[in-house]
Amino acid sequence: MFTEELKLELTLTAGSATTQVGCGDIERFQLSLHAWGFEAEVTFSTWPERGADGAFAALSALAPVTARLQISSARPPTPAPDPLIAEGLVIETSALEGTLESVTGRPLRRRELTIRFADAAQVLWRQHFPCELVADSGLGKVIERQLVQGITLEQKWSILATEHPLVCLGLGADPSGASFYDFLLWYTEAHGGAFSFDAQESAYSLAATKPKLGTPAALAALDVAGSRSVSPPRARHDLRLLDAQAAAPSTVLVTNDESVAGVRRDVLLRPPTALAFETAEATETARLLGDGPAAYLELELARYPGVNLSPGARVKTATTSGWSAKSWAANRSLRVFDLALSGRANASPGDESGLAARLFVVEGLAQLEEETDSAQRLPAYVTPTLECVAEARVVAAGGEEEDRRWQVSEDDRAGGQVYTLDVLLWNAKIVVPFQPDQQTGHLFFPAYKQSTVLVELGLHSARLARHLDWGPGVQLPQDGQGDHILLGFSETTETSIAHQYVDGAPELVVRRF
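All chains use their own residue numbering, which begins from 1 and follows the written sequence. Totals for whole chains, interfaces and linings use all residues, but because this is a predicted model, local features are given only for residues with pLDDT of at least 70 and pairs of side-chain atoms are given and counted only at 80 or more. Heavy atoms from the whole structure form the basis of all side-chain values; hydrogens and water molecules are not counted.

Asker: Any chance you could explain the overall build of the protein here in plain terms?
Answerer: Only DSSP runs of H or I covering at least 4 residues are called helices, and only runs of E covering at least 2 are called strands; the numbering of each starts at the N terminus. Per the secondary structure count, the protein includes five helices and 30 strands. For the radius of gyration, the atom set is restricted to C-alpha positions; the globular benchmark scales as 2.2 Å times the number of residues to the power 0.38. On C-alpha atoms alone, the protein measures out to a radius of gyration of 32 Å, which is more than a quarter above the 24 Å that the 2.2 N^0.38 rule sets for 513 residues. If one aligns the C-alpha atoms of the protein with their principal axes, the spans along those axes are about 100 × 70 × 35 Å. Burial analysis of the protein (513 residues in total) assigns 43% to the buried set. Accessibility here uses a 1.4 Å probe with only protein chains present; expressed as a share of the type maximum, an area under 20% marks a residue as buried, one over 50% as exposed, and anything in between as partly exposed.

See below:
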């Protein structure tokens, strides 16, 4: 804990209206900056007796309010570090009103307003549950469609451009309750990517590796009151990938040098192609054997730092900057991944109103990782199941529109023959495996043109689950309590096998048209 003269600037924007809150009226602040976003809370005073209270008016309305907090030292070194910036959407507001009890009418003298705000992605995308299906597309294009005002996302990850037969986000129907934000965090971690937030630019990136921001700066030991090294948990299991395909079942064992014998994680797969299994094997192996979270450094600040400590910033802890050669923290190239800063004004409300800077009692804690540490440190998230269902129509070429024709084609991506389905809700034509599914193998009744089916959808997969309608001319009158098999593709070329009751007596009719 330390006392420092800081310059704080708070700007509230609602539509085209902007309100500035002076540093002299800011009473308390809390700021938690992460590599993936931020949360902030600011308490400040307004003075209704002096005129219109624009901040209270903006925060009381129903329209979204953007808050921008900027923090810097009032007496920075040369060269001065970049100010800390956090710009996001207001989540919650509270107002404590103080009146003049001894004055007639008890006029309102002061309001103490507290706002909580966070980066736009976690505020908006945690409320975003899209159900979308596109065919022959990369996931990156689907992610682009989720961008809204206030969210800028740069894609630098080649996996997002990889074309898939389909991409389906069924988050609105996902039983897990996962939001689009949860999906994005899960996908990043599952595939070994990096989801990052640049607080200076208020922009996000999805990349294969963590970004490198700026030139490493020398962090002075005098900026630090205490340091602690932290070693996170390590994976102690091996990995087995099980290919459950009956034609060529296989097991692949991936050993972990740090595992305990007998402890393993089995991943059961039923991939459509050998390539799909190899891709899954590479992804899961990278998750296990890739660099897990290494030991990191926690620094308690002794003063406002003389270098940039925003997440993503790089620093060096050289002995020439005062670090003890015997300290674990010394002579390391580090990257900030978390910064927590909080403060309360050293004077009473109103005593310093109008000042551009004021004294704050401050607490600061920075967390830094080795610059080579590739492990992603993300917030907790809900793992999506990525399963949903929709109705579709079978597509087949040839014949008349009402003919019960069927058609399959070869698709290497699906590992064999496929139907084509038209999912009308999203106007998307997708392919599903040509399999007996609910029928036994000695019955061959393919799904015919224009029949309605239920299709089960995953992120990049689909399966014909059930048939939902009777074919034209198949259903018999209820009075006859009959059963009917109709073979052929049209009423002029079909064969009918019907068993029903006429005047209580069974009747079997085989008819060739």
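Still to come is the rest of the account.
Asker: I keep staring at the sheet that holds strand β17 (residues 264–269) and nothing clicks. Help me out?
Answerer: Whenever strands of a sheet pair, they do so through backbone hydrogen bonds, lying parallel or antiparallel. As summarised here, the arrangement of the three strands in space is β16-β15-β17, forming an open sheet in which the pairing is mixed. Two strands bound the open sheet, and with one partner strand each, they are β16 (250–254) and β17. Each strand axis lies, on average, 15° off the axis of its neighbour in the sheet, ignoring direction. Strands pair, by our definition, only if DSSP identifies at least two bridges between them. As paired elements, strand β15 (residues 238–243) and β17 share six bridges and run parallel to each other. Paired with Asp243 across the strands is Leu269, a residue of β17. Between two residues, a contact is recorded if the distance between any of their heavy atoms is within 4.5 Å. What counts as an axis is a line fitted to C-alpha atoms, over the stretch in contact for a helix, and the angles between N-to-C directions run from 0 to 180 degrees. Along the sheet, helix α5 (residues 274–289) makes contact with β15, β16 and β17, crossing β15 at roughly 170°.

Asker: Can you help me understand a nonpolar patch on the surface in this one?
Answerer: Residues qualify for a patch when their relative accessible area is over 30% and they have no salt bridge, like charges being joined within 9 Å and the nonpolar side chains of Val, Leu, Ile, Met, Phe, Trp and Tyr within 5 Å. With residues, only the protein chains shown are counted as cover, and all accessible areas are computed by Shrake-Rupley using a 1.4 Å probe. The rule for a salt bridge is simple: a side-chain nitrogen of Lys or Arg has to be within 4 Å of a carboxyl oxygen of Asp or Glu. Residues Leu443, Phe445, Ile485, Leu487, Ile497, Leu508 and Val510 make up a contiguous nonpolar surface patch of about 600 Å² in total accessible area. Where the nonpolar patch is concerned, the elements lending two or more residues are β28 (483–487) and β30 (505–512). The residue Leu443 is located in the loop between β25 (428–433) and β26 (452–457) in this model. Judged by relative accessible area, Leu443 falls into the partly exposed class, the value being 41%.

Asker: It is not clear to me how the side chain of Ser72 should be interpreted in this structure. Could you clarify?
Answerer: Turning to its location among the elements, Ser72 is positioned in strand β5 (residues 66–73). Setting aside residues up to four positions removed in sequence, Ser72 forms contacts with Leu6, Lys7, Pro83 and Tyr304.

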